[in-house]
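Architecture at a glance
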Amino acid sequence: MSEDVQQYKCPNCAAELRFNPKKQGFVCEYCESFFTPEECKAANEQMNEKEKQERPRREEFAEGNNLYVCPSCGAELVTDKNTAATECYYCHNPVVLKGRLDGEYRPARVIPFQITRQDAEAVFRNWCKKRWFLPKDFMSESQLLHMAGVYVPFWVADSSVHGVMRAVCKKSRSWTSGGYRYTEVKEFDVFRDAGIHFHGIPADGSSKIEDELMEAIEPFDYDGAVDFEMAYLSGFLSDKYDVNKAQVFPRIRNRAVNGSDALLRGSMSGYDSVRVTQSDMQVLRTDWLYMLLPVWFMTYQYQGKQYSFAINGQTGKQAGTPPLATGKLLAVCAAVAGAFALMGLFWGWLLA
Ligand SMILES: [Zn+2]
Ligand SMILES: [Zn+2]
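Before going into details, it helps to say that this report is about the structure given with it. Predicted, not measured: the structure shown is a model, and the values here were computed from it.

**What about the pairing of strand E9 (residues 180-204)?**
- Judged by how many residues are buried, E9 sits mostly at the surface: two of 25 residues are covered.
- Here 23 bridges tie strand E8 (residues 148-177) to E9, and the two strands are oriented antiparallel to one another. By the bridge assignment, Lys 170 is partnered in E9 with Glu 187.
- Two successive antiparallel strands, E8 and E9, enclose a turn made up of two residues, where Gly 178 displays a positive phi of approximately 60 degrees.

And the structure:
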């Protein structure tokens, strides 16, 4: 007789959990969260239920997409079945059709592009205009063809935290009476036991795209997000995530734990002094939304270095590091040096 082995998943990062006999509970090897057997069971039942509801939509996604791979840089790109991808948005090399992306990669939500290619090109030209030392072909029409509308994968987390904080707090007051100055200090043993919920903590799921560049074109307005439909991919590329929940979770947990700690400390602001003696913030549950965010993306190779330029596809905010054309720079330096030499000449006349 075979027994059904129950395998629980971590309610925070979805990694498989192991029972820890010492602690009589489940400890996640990836994110170090701890759960009692009851917490684990309840959370997993909810997770399974959600997965069951998702299944048909995942199958539909697996049917309707094309997965391309770039043999040069390894980027994996997704489009809808009717959109043919030809070049890698990242390194501009031709991509190869690989098959279909598994349904588990189906995004839950998407912020559709608001900025058209035409708008994006105008933003780019404007950005170039303000920069003198750009190499000529950086602004060329053929370079503009490399600008790609990419849906960048993001993990957006809702986390529930159980926070316990204990502190010794003091309140003092002073007064004068009969020539004496009195100070009264009252000491309180303050205890907080709170359930805290965080909504929408973001982290991008693509290792290829620089985090700084994505942060520079923030914010995205999540109110603009809609349920994912295959049709949104039409004419655009989507980057497949390669950083999973377990890898992203430490970043999310840090923000949730620090935020909870600050919140509970803030609730003790009525005292003159606060000395925290215990602060335990446990992330009990994290719900993930796999979301695609719209970005107009362009890379440029110049003298052995790669430069990236990005435009927020929802707001039009742009960011990037401009390549400097050393030839132009030298010419201007020479002109400036020439001007100084001339000035020297004039001074020479004046002083003579
Ligand atoms: Zn975990
Ligand atoms: Zn590539």
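**Quick look at the environment of Tyr 8**
- Residue position: Tyr 8 is located in the segment before strand E1 (18-20).
- A residue is classified by how many C-beta atoms lie within 10 Å of it, and Tyr 8, with 18 of them, is partly exposed.
- Placed 32 residues apart in sequence, Tyr 8 and Cys 40 show a C-alpha to C-alpha distance of 7.1 Å.
- Apart from the residues within four sequence positions on either side, Tyr 8 is in contact with Leu 17, Phe 26, Cys 40 and Asn 44.

**Examining the pairing of strand E4 (residues 65-69)**
- Here E4 runs beside strand E5 (residues 76-80); their pairing, made up of five bridges, is antiparallel. Paired with Leu 67 across the bridge in E5 is Val 78.
- Judged from the three bridges that link them, E4 and strand E6 (residues 96-99) form a sheet pairing that is antiparallel. Residue pairing in the sheet places Tyr 68 in a bridge with Leu 97 of E6.

Thresholds, definitions, all that
- Residues numbered from 1 in each chain as written.
- Chains lettered and ligands numbered in written order.
- Predicted model: local features only at pLDDT ≥ 70, side-chain atom pairs only at ≥ 80, totals over all residues.
- Buried ≥ 20, exposed ≤ 12 C-beta atoms within 10 Å, placed from the backbone.
- Helix = DSSP H or I, 4+ residues; strand = E, 2+ residues; numbered from the N terminus.
- Pairing = 2+ DSSP bridges.
- Contact = placed C-beta atoms within 7 Å.

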